[in-house]
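Below are the chains, spelled out letter by letter.
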Amino acid sequence: MMLVSLALATSGYDPAAPVEVYTGSEVEDIEGSVRLWSAIELHEDPDRTLFDAGEYNSVTAWPSDASWAPYIADCFQSQTPHTSRFLLHVGPSAAIASGTPVLFVPGAADNGSRGFITMAWHEDLLGKPVYAMTFAHPHGDVFQQAEQIADAIARIKARTGAAQVDVVAHSKGGIAAAIYASNSGGAAWGGAYDRVGTPYQGDVRRLVLIATPLKGIDTAFRWSTGNYLSLEADSTFSPSAWEDYYPYGTATSWVSDDLRAQDFYAEEGDLFPGHRQIYARQDHPLPGSLSWLGPYAAQLDWYTTYEGGYGFYTYSEGIDGVVAAGGGVLAALQQNGVDPAVEVFLLSGSNPLMPNGYEDWAATQFGEGWAEFGKAERETWADVIASAVGEGAMSAELTEEELQGVLSGDLVIGEISGQSDGLVFLDSASDESMLTARGAVVVDSHIANLSHLDLLYASPITGELLVEAGAADDDDAWMISFGERYTEEDTIGLVEGWLADGDDGSGGDPGDTGEPGASDTGGVDTGATSDLDEGQDAEEPGTLPEECGACNGGQAAPGLLGLVAAILGLRRRR
């Protein structure tokens, strides 16, 4: 009876009974040429205290044709699914895998088939049981997501017979994962999660947080001009820091645009419920006060946007208002602390240089003025970069090829008012004190010379391919330096070491699931076929069929999709 109770998450959630299991074209890429997963399971949490219908706009609703998010709307059975639903993506070799299962948790605006596909395939090639999640709302409430992580772990335990799971989470997903691992009997969160949230079940062996904003972010308030891209509620993909916009100035107050439908608050509309929960003041000067940024510092009403009040064209409640509305999630996380038995690992980035996936990326993040600055002369950029290095916001000058990539629009420099991975400040992503209040130990904390998403892709294989691509075309020469960094940093290999079963020097116990393999689950219906795919070698667990982009025991790149994402810089959901 004890074992049964430990397997359950939310009261009423049955980990042995997915709503639906997809094994057809839904597990392939949109062209049908690459098999991403062996199955995708649709699950639903029965609670209706935490979960609601959710609110979407045309951007946050799941598309039906995004090449790297194929069939997600089909698997959810809706483009705007109820927030109680989540998808569990099952690794290609789950039927023959063994060892400690790995659950990948994506960040905001991401899904189980994009950011983590390279790392997930790598772990699959090593013979690990691999799973990834997709949350219903791409900007959802972190407590809802924490509860669904508990559900997903319960499902994985039911499938594999494992007692514990390793959790690897990226960006905002790391906050939800840390909340579950911190939800002890005495934890206080100040909301419905206190009443119905699943207490931590002792089922996380290792927690790897990648580029997680442990101390929060403040982007919309820091880079105020970026809010110009949030003036239309149905087309914005991030919340507005402004409550009102006065196109003719605040002196003409009778002509204004009400932005409360797309702001951080829930009163007039709640398109981005998870954002207010991860916002916090950051200890870095605002861009508008940094003269060395030149045109980059031209942020509309930058002081009043951050501190609150009327500016020349806008009204903002300020960042403190958002922090209060978020319920103090980050403060509670720091106070509660991760369970001391969980081994914690942190991976952070220190390079703000990112591939530019579409021409208005910079504008959507930091404002149209910044995007226009992308067309500045070489000398202007060189001066700003030199100043950024001198001010400690960047660790090194750009190479000539990288500078040319910036000038051509292939690359963008993200967050630059402090050292960051382009989106999250380094001191936010690496703050161990946010997790250790109850004695949890951060076994290793690594800072890589990579940007926010590049942290998920870097390996010698992807590095070599980038170098080859850059050498083949002078217009892509910037890929050479990216490839060299990928090879040097090898974050995929780093995470592999962190997740290794057995005595690998990281303090973990052997990750034996107690079962001969994932195909033997003690009578539990896994929802996945146990037959090997054509081209899969039963003597080499984890070897993927050739059409998956891998060959012969993992000697070739398992992450061609991730490489494409890195090269093209796919930074948005569509």
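Residues numbered from 1 in each chain as written. Predicted model: local features only at pLDDT ≥ 70, side-chain atom pairs only at ≥ 80, totals over all residues. Heavy atoms only, no water.

Student: Summarise the overall build of the protein; cite the residues concerned and give the values.
Tutor: Along its length, the protein carries 19 helices and 15 strands. Taking all 574 residues of the protein together, 59% fall into the buried category. Restricting the contact set of the protein to residue pairs at least 6 apart, pairs at least 24 apart contribute 78%. For the protein, the exposed surface amounts to about 20300 Å²; the carbon and sulfur share of it is 49%. (Helix = DSSP H or I, 4+ residues; strand = E, 2+ residues; numbered from the N terminus. Buried < 20%, exposed > 50% of the residue type's maximum accessible area, 1.4 Å probe, protein only. Contact = heavy atoms within 4.5 Å. Areas by Shrake-Rupley, 256 points an atom, 1.4 Å probe, with all protein chains shown as cover.)

Student: Give a description of the sheet that holds strand β10 (residues 309–310) that names residues and reports values.
Tutor: The strand order β9-β8-β11-β10 describes an open sheet built from 4 strands, whose pairing is antiparallel. Two strands in the sheet have a free side with no partner beyond their single neighbour: β9 (257–258) and β10. Examined bridge by bridge, strand β8 (residues 244–245) and β9 share 2 bridges and lie antiparallel to one another. Its bridge partner being in β9, D244 is matched across the sheet by D258. (Pairing = 2+ DSSP bridges.)

Student: Quick one: what's the story with the pairing of strand β6 (residues 165–170), residue by residue and with numbers?
Tutor: Burial runs high along β6: 6 of the 6 residues are buried. Both faces of β6 are covered, namely the face carrying V165, V167 and A169 and the face carrying D166, V168 and H170.

Student: Can you explain helix α17 (residues 478–489)? Please cite residues and give values.
Tutor: Think of an α-helix as turning once every 3.6 residues; residues three or four places apart then point the same way. Taking 1.5 Å per residue, 12 residues should reach 16 Å; α17 reaches 17 Å between its end C-alpha atoms and fits that length. Three or more residues of α17 are buried, namely W478, M479, S481, F482, G483, R485, Y486 and E489. At the C-terminal side of α17, D490 shows a positive phi close to 45°. (Expected span 1.5 Å × (residues − 1).)

Student: Tell me about the packing of aromatic side chains, residues and numbers included.
Tutor: According to the stated counting rule, one finds 17 aromatic pairs in the structure shown. Here F221 and Y279 contribute two aromatic rings whose centre-to-centre distance is 5.9 Å and whose plane-to-plane angle is 70°, an arrangement assigned as edge-to-face. Of this pair, F221 sits in helix α7 (residues 219–222) while Y279 sits in the loop between β9 and α8 (302–307), and the two are 58 residues apart along the sequence. When its relative accessible area of 6% is taken as the criterion, Y279 is described as buried. Taking the centre distance of 6.4 Å and the plane angle of 45° together, the rings of Y246 and Y310 count as tilted. Of this pair, Y246 sits in the loop between β8 and β9 while Y310 is found in strand β10, placing the two residues 64 residues apart along the sequence. By relative accessible area, Y246 is classed as buried at 6%. One cation-aromatic arrangement involves R485 over F482; the distance from NZ or CZ to the ring centre is 4.6 Å. (Phe/Tyr/Trp six-rings, centres within 6.5 Å; stacked < 30°, edge-to-face > 60°. Lys NZ or Arg CZ within 6 Å of the ring centre and 35° of its normal.)

Student: Account for the pattern of salt bridges, with residues named and values stated.
Tutor: Taken as a whole, this structure holds 17 salt bridges when the rule is applied. For R114, the salt bridge goes to D110, with nearest N and O atoms at 2.9 Å. The pair R114 / D110 is uniform in exposure class, with both members buried. A salt bridge links R205 to D501; the shortest N-O distance between them is 3.2 Å. Here the residue R205 occupies a position in strand β7 (residues 204–210), and D501 occupies one in the loop between α18 (491–499) and α19 (560–568), the gap between them amounting to 296 residues. Overall, D501 belongs to the partly exposed group, its relative accessible area being 29%. Among the charged side chains, a salt-bridge network with shared partners connects E41, R155 and R159. (Salt bridge = Lys/Arg side-chain N within 4 Å of Asp/Glu carboxyl O.)

Student: Give a detailed account of the nonpolar core, specifying residues and quantitative values.
Tutor: Counting 67 residues, the largest nonpolar core has L103, I149 and I179 as its most contacted members. A total of 9 residues in this core trace back to one element, the largest contributor, which is helix α4 (residues 142–160). Look past the residues within four positions of I179 in its chain and what remains in contact with it is V142, F143, A146, W189, Y193, V329 and L333. One finds V27, L290, M394 and L466 within the second-largest nonpolar core, a separate group that totals 66 residues. (Core = buried A, V, L, I, M, F, W, Y, C linked by side-chain atoms within 4.5 Å.)

Student: Tell me what's going on with the packing of helix α5 (residues 172–182) against helix α10 (residues 329–336), and back it up with residues and numbers.
Tutor: Packed helices, taken two at a time, are described by the angle their axes make and the gap between the axes. Two elements in contact, α5 and α10, have axes separated by 10 Å at closest approach and are oriented at 40°. Between α5 and α10, the crossing angle belongs to the class labelled oblique. By crossing handedness, the relation of α5 to α10 is classed as left-handed. Counted together, I175, A178, I179 and S182 of α5 and V329, L330, L333 and N336 of α10 form the full contact between these two elements. Of the residues contributing to the contact of α5 with α10, the split by class is 6 nonpolar, 2 polar and no charged. (Axes fitted to C-alpha atoms, helices over the stretch in contact; angles between N-to-C directions. Parallel < 35°, antiparallel > 145°, perpendicular 65-115°, else oblique. Left-handed = near helix turned anticlockwise from the far one by under 90°. Nonpolar A, V, L, I, M, F, W, Y, C, P; charged D, E, K, R; others polar.)

Student: Mind laying out the sheet that holds strand β12 (residues 343–349), listing which residues take part and the relevant values?
Tutor: The 9 strands lie next to each other as β1-β2-β3-β5-β4-β6-β7-β12-β15, forming an open sheet whose pairing is mixed. Each having just a single partner strand, β1 (20–22) and β15 (441–448) make up the two edges of the open sheet. Mean inter-strand twist for the sheet, computed between neighbouring axes without regard to direction, equals 20°. Sheet topology places β7 next to β12; 5 bridges connect them, and they run parallel. Each bridged residue has a counterpart across the sheet, and for R206 the counterpart in β12 is E343.

Student: So what about the pairing of strand β3 (residues 85–90)? Which residues, and what values?
Tutor: Summarising burial for β3: 6 of the 6 residues are buried, a large majority. Bridge count for strand β2 (residues 39–44) against β3 is 6 bridges, and the pairing is antiparallel. Looking across to β3, one finds that E44 is bridged to R85. Note: β3 against strand β5 (residues 130–135), 5 bridges, orientation antiparallel.

Keep in mind these values describe shape, not function.
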